[in-house]
Amino acid sequence: MENSRFTDLKKAIFDQETHRLLHQRVRVCIWFGIILYPLFSVLDYLVAPDLFMTFLQYRILFSMSCGFLLLIHSRELFKKHTFPVVLVWFTMASFAISLMIVDLGGFNSFYYVGIILVLMVCSMVLPLDAEQAVLSSLILYAAYVVPVWFH
């Protein structure tokens, strides 16, 4: 009995620490969106100069949305519900890239690398459990495939 209680206590402490870490790291991902996403406009200018202004608008809109998401994320209510904030950020990032992919011709566009970059940032930075990783990956996939498929 004692060993079982001790194991349960250790698991509860681990879960709390993981949640706290997730909350802190989500902030890092949101800042990535605010700072790095617009910086990739340099790539847009070099690769697709005719779509530069359109892509810049997508990037700025996403970056501003991240600023709003950062404000929401800092509220006490969302400290308990961090993973939904992850999903919103993940979906917005993926969808913005998908719009660029559609504008560049759909499945033929090499901008799909941006989707991989979003996936890598999240999987390397965020301490997600298996279910969260699968769910976020499915959302990422849907945010990529659906707009491109219906293009």
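Residue numbers restart at each chain and count upward from 1, following the sequence in its written direction. Where totals are concerned, whole chains, interfaces and linings use all residues; where local detail is concerned, this predicted model gives features only for residues with pLDDT of at least 70, and gives and counts side-chain atom pairs only at 80 or more. Excluded from the side-chain calculations are hydrogens and water; all other atoms, namely the structure's heavy atoms, are used.

A. A look at the packing of aromatic side chains. Planes of paired rings set the category: under 30 degrees apart is stacked, over 60 is edge-to-face and the rest tilted, where pairs are Phe, Tyr or Trp rings (Trp by its six-membered ring) whose centres lie within 6.5 Å. In total, this model carries six aromatic pairs according to the counting rule given. A centroid spacing of 6.4 Å and a plane angle of 55° characterise the contact between Phe62 and Trp89, whose relative ring orientation is tilted. Separated by 27 residues along the polypeptide, Phe62 in helix H3 (residues 52-73) and Trp89 in helix H5 (residues 82-103) bring together distant segments of the chain. Through a chain of ring-to-ring contacts, three or more aromatic side chains come together here, namely Phe55, Tyr58, Phe110 and Tyr111. Throughout this description, the term charge over a ring refers to an Arg CZ or Lys NZ atom that lies within 6 Å of the ring centre and within 35 degrees of the ring normal. For Arg59, the ring lying beneath its charged end belongs to Tyr37, and the centroid distance is 5.3 Å. Secondary structure elements follow DSSP: runs of H or I no shorter than four residues count as helices, runs of E no shorter than two count as strands, and numbering proceeds from the N terminus.

B. Just the environment of Val125, in detail. Topologically, Val125 is positioned in helix H6 (residues 112-125). Residue classification places Val125 among the buried residues on the basis of a relative accessible area of 15%. Taking the C-alpha atoms as reference points, Val125 and Leu22, separated by 103 residues in sequence, lie 8.8 Å from one another. Only heavy atoms enter the contact rule, under which two residues are in contact if any of them lie within 4.5 Å. The residues contacting Val125, other than those within four sequence positions of it, are Arg25, Val28, Cys29 and Phe32. Remark: exposure states derive from per-residue accessible area (1.4 Å probe, protein chains only) relative to the maximum for the residue type, with buried under 20%, exposed over 50%, and partly exposed in between.

C. Up close: the environment of Arg27. When you line up the elements, Arg27 lands in helix H1 (residues 2-39). On the accessibility criterion, Arg27 (31% relative accessible area) is partly exposed. A C-alpha to C-alpha distance of 14 Å links Arg27 and Met64, two positions 37 residues apart in sequence. For Arg27, the residues in contact, after removing those within four places along its chain, are Leu70, His73 and Ser74.

D. Representation of the side chain of Gln132 in the model. The topology assignment puts Gln132 in helix H7 (residues 130-149). Looking at Gln132, the relative accessible area reads 18%, which means it is buried. Apart from the residues lying within four places of it in its own chain, the contact partners of Gln132 are Leu22, Phe83 and Pro127.

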